[in-house]
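# Chain and residue survey
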Amino acid sequence: MSKLDPRIHEVLDGELPLERLPAELRALVLRLEHAAGLLRAGPAPASVAGRVLAALHRPEPSRGRRVLQWLTERHVITIAMRPVWSLALAAVLAAVVLVPDHGSAPLLGAQEGIARFVGHFPGARSVDVVGPFTDWHTGVVPLRDDDNDGVWSAVVVLPAGTHEYMFVVDGERWVADPLAGRYVSDGFGRQNALLIVRPVGR
Amino acid sequence: MRRVALFLLAIVAPLGAQSGRGSVRARLMGRVPEAAIAVVDSVVRVAEGERLPTEPLVQKALEGAAKHAAPGRIVQAVGAQAEQLRQARTLLERGGGTPPTAIEITSVAAAMVRGLPPPLAGRIVTALPDEPPGPALHAVADLEGHGFAEDAAVDLIVAAARAGLRGLRLLDVATAAVHELQRGATHPAALATVRRALPDVPWPPKPSPAEVNRARRPRPGV
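Thresholds applied
- Residues numbered from 1 in each chain as written.
- Chains lettered and ligands numbered in written order.
- Predicted model: local features only at pLDDT ≥ 70, side-chain atom pairs only at ≥ 80, totals over all residues.
- Helix = DSSP H or I, 4+ residues; strand = E, 2+ residues; numbered from the N terminus.
- Contact = placed C-beta atoms within 7 Å.
- Core = buried A, V, L, I, M, F, W, Y, C linked by C-beta atoms within 7 Å.
- Buried ≥ 20, exposed ≤ 12 C-beta atoms within 10 Å, placed from the backbone.
- Domains from an automatic or database assignment.
- pLDDT = per-residue confidence, 0-100.

## Looking at the overall build of chain A
Helix and strand counts for chain A come out as 5 helices and 7 strands. Taken from N to C terminus, the helices and strands of chain A fall in the order α-α-α-α-α-β-β-β-β-β-β-β. When contacts within chain A are restricted to residue pairs at least 6 apart in sequence, those whose partners lie at least 24 apart make up 54%.

Dropping the structure here:
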């Protein structure tokens, strides 16, 4: 690559007037400026084919723009469904909205733990565990004996700490959990079982 | 501006306190015998003034009613519970530091109701000044409940805390000693075995994921 005369740089940078150059250098500067002008203007599509090719090479809109465009444009959406399925779907939605959520699978808080209550009460019709966590009401935490072997159980989320409790069998018989291992006087002539719940993270 | 805020606070604070009162009465009404409600309410009010936890008192009244206790018996039990909470807080405050939480007070009160005499509980608090004493007290009560001598039980739990075990892990120390008994060891031998192993005592089994999924949160009001 041949080296340009430094005076040409000075003229192109506007530091030296063009008239002060010798004639051959002045001609060179004019040719350079002409070439730069052509480059700035860019090639104009000369034909229909050229214009089509130029359109094809236009950059794609971004993904976000395409999503926005899809969301704001009109679309016809058709869902083909048998009437029986639409009724079933309506029933499920109604159940979700109307049936109170008595116990969805829990997300445990840092200060909560799991308590497992188990009792052997053969022949019982119902067994409840009651304590401050039920306001001493029956019916809040019923134990279950799904296989009718007389072993009743329930698994409950409780705040970490100490909890007194008793079993209530058939709605009337109060029984201290014989497997509890810890007991406190209840102040009414009986013993409550005492449970210490650990937080999940210990 | 500050005067306006103070004026509003002066008006709103008693209303808030009254609504708190109202909610205690509302929880007792219809469940606790009418004759007991006024006295229980006044015991709760006094406890509130002393900054004691009041929920255990309300619960004791509800428990008495659920067990069909006579009004006098309910009042007596609520009064006794207030006294236990008071003793527990006094014990906790002896250690200094931050004021004890309601959970700590309730836990220590429960440990003392299990039969730990106040001097013994005080000894544990003094020996473990940086430790919330509830678990340590329950661990000693667990050991006593299985026939271990009082002094030996306290010594083991204090040794466990000094070996680095904290909080509910102290209960595992008592459980380990009880397991040694169940394996046929004598009381002194069980204590010696656990002490030698400190601080390595087994963890209790964690609940399985299936159990966690099965677990339900009780909702008494629903």
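What follows picks up the thread again.
## Details of the nonpolar core
All names here are of chain B. Judged by nonpolar contacts, the single largest core of 91 residues is most densely connected at Val-40, Ala-61, Ile-74, Val-140, Ile-157, Leu-170 and Val-173. Counting contributing residues per domain, this core is built from domain 1 (15-113) and domain 2 (117-204), each supplying no fewer than three. With residues near it in sequence (within four places) discarded, Val-140 still touches Leu-116, Ile-124, Ala-153, Val-154 and Ile-157.

## What about the interface of chain A and chain B?
Counting from both sides, the interface comprises 33 residues of chain A and, opposite them, 34 residues of chain B. Listing elements by their share of the side of chain A that touches chain B, those giving two or more residues are β1 (112-120), β3 (151-159), β4 (161-169), β6 (183-185) and β7 (191-197) of chain A. For the side of chain A that touches chain B, the leading source of residues is β3(A), giving 3 residues.

## Some thoughts on the confidence of the model for chain A
Confidence along chain A averages 82 in pLDDT terms, with 81% of residues attaining 70 or more. The element-level mean pLDDT for chain A is lowest in helix α3 (residues 48-56) of chain A, coming to 65, with strand β2 (residues 127-130) of chain A highest at 97.

## Here we look at unusual backbone geometry
The bulk of non-glycine residues show a negative phi, and the bulk of peptide bonds are trans. Look at the link from B:Leu198 to B:Pro199: it is a cis peptide, with omega at 5°. Mapped onto the fold, B:Pro199 is located in the loop between α10 (187-197) and α11 (209-214). One non-glycine residue, A:Asn148, lies in positive phi territory at about 55°. Following the sequence through the fold, A:Asn148 ends up in the loop between β2 and β3. Owing to 7 C-beta atoms within 10 Å, A:Asn148 belongs among the exposed residues under this scheme. A positive phi angle is found at B:Arg51, which is not glycine, with a value near 60°. Assignment of secondary structure puts B:Arg51 in the loop between α2 (34-49) and α3 (55-66).

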